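# Examination of the molecular architecture
Below, each chain spelled out in residue letters.
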Amino acid sequence: WIMPTTTFLNLPKNKQKKIIEASLKEFGRVLLSDASINKIIKDANISRGSFYNYFKDINDLYIYSLNSYKEKFIKLFEKTIENAEGDLIETTKIMYDKIIYYCTIEKNIFKNIFLNMNYNISIRNRIECENNDNKYKLIELISKINQEKLNIKTEEELFYIIDMILGFVIHGLIETIIDDKNPEIVKDKITKQVEILKRGIYKEEKWKHFLDT
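Note that this is a predicted model, so its numbers are computed, not measured. (Residues numbered from 1 in each chain as written. Predicted model: local features only at pLDDT ≥ 70, side-chain atom pairs only at ≥ 80, totals over all residues. Heavy atoms only, no water.)

## A few points about unusual backbone geometry
The residue E85 is not glycine, and still its phi comes out positive at about 55°. Relative to the assigned elements, E85 resides in the loop between α5 (58-83) and α6 (88-105). Judged by relative accessible area, which is 67%, E85 ranks as exposed. Backbone geometry places D180, a non-glycine residue, at a positive phi of 60°. Inspection of the secondary structure assignment puts D180 in the loop between α10 (155-177) and α11 (183-199). You can call D180 exposed: its relative accessible area is 52%. (Helix = DSSP H or I, 4+ residues; strand = E, 2+ residues; numbered from the N terminus. Buried < 20%, exposed > 50% of the residue type's maximum accessible area, 1.4 Å probe, protein only.)

## Things to note about the environment of Y64
Inspection of the secondary structure puts Y64 in helix α5. Counting along the chain gives 61 residues from Y64 to M3, while the straight-line C-alpha distance between them is 6.7 Å.

## Side note on the packing of α10 against α11
It is at 9 Å that the axes of α10 and α11 come closest, and there the two elements cross at 165°. The angle between α10 and α11 places the two elements in the roughly antiparallel class. The hand of the α10/α11 crossing is right-handed. Contact with α10, carried on its side by I161, M164, I165, F168, V169, H171, G172, E175 and T176, involves P183, V186, K189, I190, Q193, V194 and L197 of α11 and no other residues of that element. Considered class by class, the residues forming the contact of α10 with α11 number 10 nonpolar, four polar and two charged. (Axes fitted to C-alpha atoms, helices over the stretch in contact; angles between N-to-C directions. Parallel < 35°, antiparallel > 145°, perpendicular 65-115°, else oblique. Left-handed = near helix turned anticlockwise from the far one by under 90°. Contact = heavy atoms within 4.5 Å. Nonpolar A, V, L, I, M, F, W, Y, C, P; charged D, E, K, R; others polar.)

## Concerning the pattern of salt bridges
Once the charged atoms of two side chains with opposite charge are near each other, the side chains can pair. A complete count under the given rule lists 11 salt bridges for this structure. A salt bridge links K144 to E82; the shortest N-O distance between them is 3.2 Å. Of this pair, K144 sits in the loop between α9 (135-142) and α10 while E82 sits in helix α5; the two residues are 62 residues apart in sequence, bridging distant segments of the chain. The exposure class of K144 is partly exposed, given its relative accessible area of 30%. Taking the relative accessible area as the measure of exposure, E82 reaches 49% and is therefore partly exposed. We note a salt bridge from D87 to K149, for which the minimum N-O separation is 3.3 Å. Of this pair, D87 sits in the loop between α5 and α6 while K149 sits in the loop between α9 and α10, placing them 62 residues apart in sequence. Linked by salt bridges that have partners in common, E175, K181 and K189 make up one network. (Salt bridge = Lys/Arg side-chain N within 4 Å of Asp/Glu carboxyl O.)

Following this line, the structure appears as structure tokens:
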């Protein structure tokens, strides 16, 4: 329900790319609520009629553009976890560094993505639905994680661990991008958070006693 029309998908790849680049430029300039279709079609060199042949509205274009933008970070994650030999904790630390690097180049688009999620509930709900529909992509990424190092019993537990780690990273990115906190200080906090998760919060003998009772 958020896909562009078949007309758009049948366009040459370079023309599709030009439209997406024009949209990301506009979505990096202002929040979605203030984005201008006129600016997008001017930069993409298409007519207003063509725009509506490709997308239902600007919200559809935003979701599709965001998914295209997300793809490069999925590829970045794949490469990073392979280089880290499947180590989830090490991958988390490296990914924060790499995303912060991109933020220095494309800070506005990152900032506006978080702000749009915060202030536009319908967009946030659509993004969450899209993520749920594409769980197979996450499962494919999870297959690259070295699970021999992890104290997990089921795949569901692995999803929970990833949710926690993503929470650390996303909160850290918000602190860095929105609150302008020092990236090194934020990275140190994320490192400590994932190390605590790695170590566990109960001492072994107390945890055993807790289970026995």
